[in-house]
Amino acid sequence: MSAGNYARWAHILPRLSKEKALVVYHPALRSVSPHNHLFFELTYILEGTVSHTIDGRKSTLSPGDYFIVDYGSTHSYETSKDATFSNLDCLFLPEFIDP
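Quick word on the overall build of the chain
Line of reasoning, step 1. Regarding its fold elements, the chain presents three helices and eight strands.
Line of reasoning, step 2. Radius of gyration (C-alpha) of the chain: 13 Å, near the 13 Å computed for a compact globule of 99 residues.
Line of reasoning, step 3. Dimensions along the principal axes, computed over C-alpha positions, put the chain at roughly 40 × 25 × 20 Å.
Line of reasoning, step 4. Sorting the 99 residues of the chain into buried and exposed places 33% on the buried side.
Line of reasoning, step 5. Per element, the accessible surface of the chain, about 5900 Å² overall, is 56% carbon and sulfur.
Line of reasoning, step 6. Taking the average place of the 8 positive charges on the side chains of the chain and the average place of its 11 negative ones, the gap between the two points comes to 6 Å.

Have a look at this one:
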């Protein structure tokens, strides 16, 4: 887990710390490079089919699929050449579920 990956998400932490949970919609994504963060992420796939890799384990996700990314886990997304996918993320700090 590099500091660079955590830094990529640093802009979210002040708002997340204040609100304790955030919902973020991501439309028409093609790929997301490997990254990690200091919060939990519950992701729901809305559209498209995407390959998701988390901590080295790859799976194919379709609309209606969901999963949780533990804080500190590294994950990424990749679609086929011209495809896109959309997802909804619910982000929350560990203390949100374990005060």
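And the narrative resumes.
What about the pattern of salt bridges?
Line of reasoning, step 1. This structure, assessed with the given rule, holds one salt bridge.
Line of reasoning, step 2. In this structure, Arg-15 engages Glu-19 in a salt bridge whose closest nitrogen and oxygen atoms are separated by 3.0 Å. Within this pair, Arg-15 and its partner Glu-19 are both found in helix 2 (residues 13-19), separated by four residues, close to a single helical turn.

Here we look at the packing of aromatic side chains
Line of reasoning, step 1. Tallied over the full model, the rule gives five aromatic pairs.
Line of reasoning, step 2. A ring pair is formed by Phe-92 and Phe-96, whose centres lie 5.8 Å apart and whose planes are at 50°; its orientation type is tilted.
Line of reasoning, step 3. Accessibility expressed as a relative area gives 46% for Phe-96, which makes it partly exposed.
Line of reasoning, step 4. Put simply, the rings of Phe-40, Tyr-71, Phe-92 and Phe-96 touch in pairs and so form one group of aromatic residues.

Brief notes about the sheet that holds strand 7 (residues 75-78)
Line of reasoning, step 1. One open sheet holds the four strands; their spatial order is 2-7-4-5, and the pairing between them is antiparallel. Each edge of the open sheet is held by one strand with a lone partner, namely strand 2 (31-35) and strand 5 (57-61). For this sheet, the mean inter-axis angle between neighbouring strands, taken without regard to orientation, is 20°.
Line of reasoning, step 2. Where strand 2 lies against strand 7, three bridges are found, and the strand directions are antiparallel. Within strand 7, the position partnered with Ser-31 by the bridge is Glu-78.

Rules used in this analysis
Residues numbered from 1 in each chain as written. Predicted model: local features only at pLDDT ≥ 70, side-chain atom pairs only at ≥ 80, totals over all residues. Heavy atoms only, no water. Helix = DSSP H or I, 4+ residues; strand = E, 2+ residues; numbered from the N terminus. Rg over C-alpha atoms; globule rule 2.2 N^0.38 Å. Buried < 20%, exposed > 50% of the residue type's maximum accessible area, 1.4 Å probe, protein only. Areas by Shrake-Rupley, 256 points an atom, 1.4 Å probe, with all protein chains shown as cover. Lys, Arg positive; Asp, Glu negative; His and termini not counted. Charge placed at Lys NZ, Arg CZ, Asp CG, Glu CD. Salt bridge = Lys/Arg side-chain N within 4 Å of Asp/Glu carboxyl O. Phe/Tyr/Trp six-rings, centres within 6.5 Å; stacked < 30°, edge-to-face > 60°. Pairing = 2+ DSSP bridges. Axes fitted to C-alpha atoms, helices over the stretch in contact; angles between N-to-C directions.

What is shown is where atoms sit, not what they do.
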